[in-house]
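# A look at the structure
Single-letter residue listing:
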Amino acid sequence: QVHLVESGGGLVQPGGSLRLSCAASGRTFEIDDMGWYRQTPGKQRELVAVVGDRSSTDYADSVKGRFTISRAGNTVYLQMNSLKFEDTAVYYCHVTATPPRDYWGQGTQVTVSS
């Protein structure tokens, strides 16, 4: 099994920055992709960014140019700059693995408010 522990969420003013971290443990050799999703009470969970096992990246259009996903070892990061009110959500770390299966972190709250 892969276990994910998230950190780095909090309250930030519009235009500010936060850096989320997700540390994986357990069967980390199974991991293919690592990414971040977010969810608000009125919306379905949506993909924010993903980094593949060969460091390819993809971003939601709404965060391109503002967010950067990266990974080092068994940790994936999401650097969030120029934060907007619409970025307020619970952010979930997500991992895909081989054989096909996936894992979710516990979620970390990001609140953008003045």
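Above this text is the structure in question.
What you see is a predicted model; the values in this text were computed from it and never measured.

### With respect to the overall build of the protein chain
In terms of regular secondary structure, the protein chain is built from 0 helices and 11 strands. Seen in sequence order, the protein chain has helices and strands lined up from the N terminus as β-β-β-β-β-β-β-β-β-β-β. Since a compact globule built from 114 residues should have a radius of gyration of about 13 Å, the 13 Å found for the protein chain is in line with a globular shape. Referenced to the eigenvectors of the C-alpha coordinate spread, the extents of the protein chain come out at roughly 45 × 25 × 20 Å. Restricting to contacts in the protein chain with at least 6 residues of sequence separation, those with at least 24 account for 54%. With an accessible surface of roughly 6,000 Å², the protein chain has 46% of that area assigned to carbon and sulfur atoms. Considering the protein chain, the positive charge centre built from 11 side chains and the negative charge centre built from 11 side chains are found 2 Å apart.

### A short note on the pattern of salt bridges
Summed over the entire model, instances satisfying the criterion amount to 5 salt bridges. Two residues, Glu46 and Arg38, come together in a salt bridge whose shortest N-O distance is 2.8 Å. As a salt-bridge pair, Arg66 and Asp87 come within 2.7 Å of each other at their nearest N and O atoms. Placement of Arg66 in the loop between strand 6 (57-59) and strand 7 (67-72) and of Asp87 in the loop between strand 8 (75-80) and strand 9 (89-97) is noted, with a sequence separation of 21 residues between them. Comparing Arg66 with Asp87 shows no difference in burial state: the two are buried. The structure contains a network of salt bridges with shared partners spanning Arg38, Glu46, Arg66 and Asp87.

### With respect to the state of the cysteines
Note on terminology: a disulfide is the covalent bond linking the sulfur atoms of two cysteines. With the rule as written, the count across this model stands at 1 disulfide. At a sulfur-sulfur separation of 2.1 Å, the disulfide partner of Cys22 is Cys93. Measuring handedness by torsion sign, the sulfur bridge of Cys22 and Cys93 sits at about -85° and is left-handed. Separated by 71 residues along the polypeptide, Cys22 in strand 3 (residues 18-26) and Cys93 in strand 9 bring together distant segments of the chain.

The rules behind each value
Residues numbered from 1 in each chain as written. Predicted model: local features only at pLDDT ≥ 70, side-chain atom pairs only at ≥ 80, totals over all residues. Heavy atoms only, no water. Helix = DSSP H or I, 4+ residues; strand = E, 2+ residues; numbered from the N terminus. Rg over C-alpha atoms; globule rule 2.2 N^0.38 Å. Contact = heavy atoms within 4.5 Å. Areas by Shrake-Rupley, 256 points an atom, 1.4 Å probe, with all protein chains shown as cover. Lys, Arg positive; Asp, Glu negative; His and termini not counted. Charge placed at Lys NZ, Arg CZ, Asp CG, Glu CD. Salt bridge = Lys/Arg side-chain N within 4 Å of Asp/Glu carboxyl O. Buried < 20%, exposed > 50% of the residue type's maximum accessible area, 1.4 Å probe, protein only. Disulfide = S-S within 2.5 Å.

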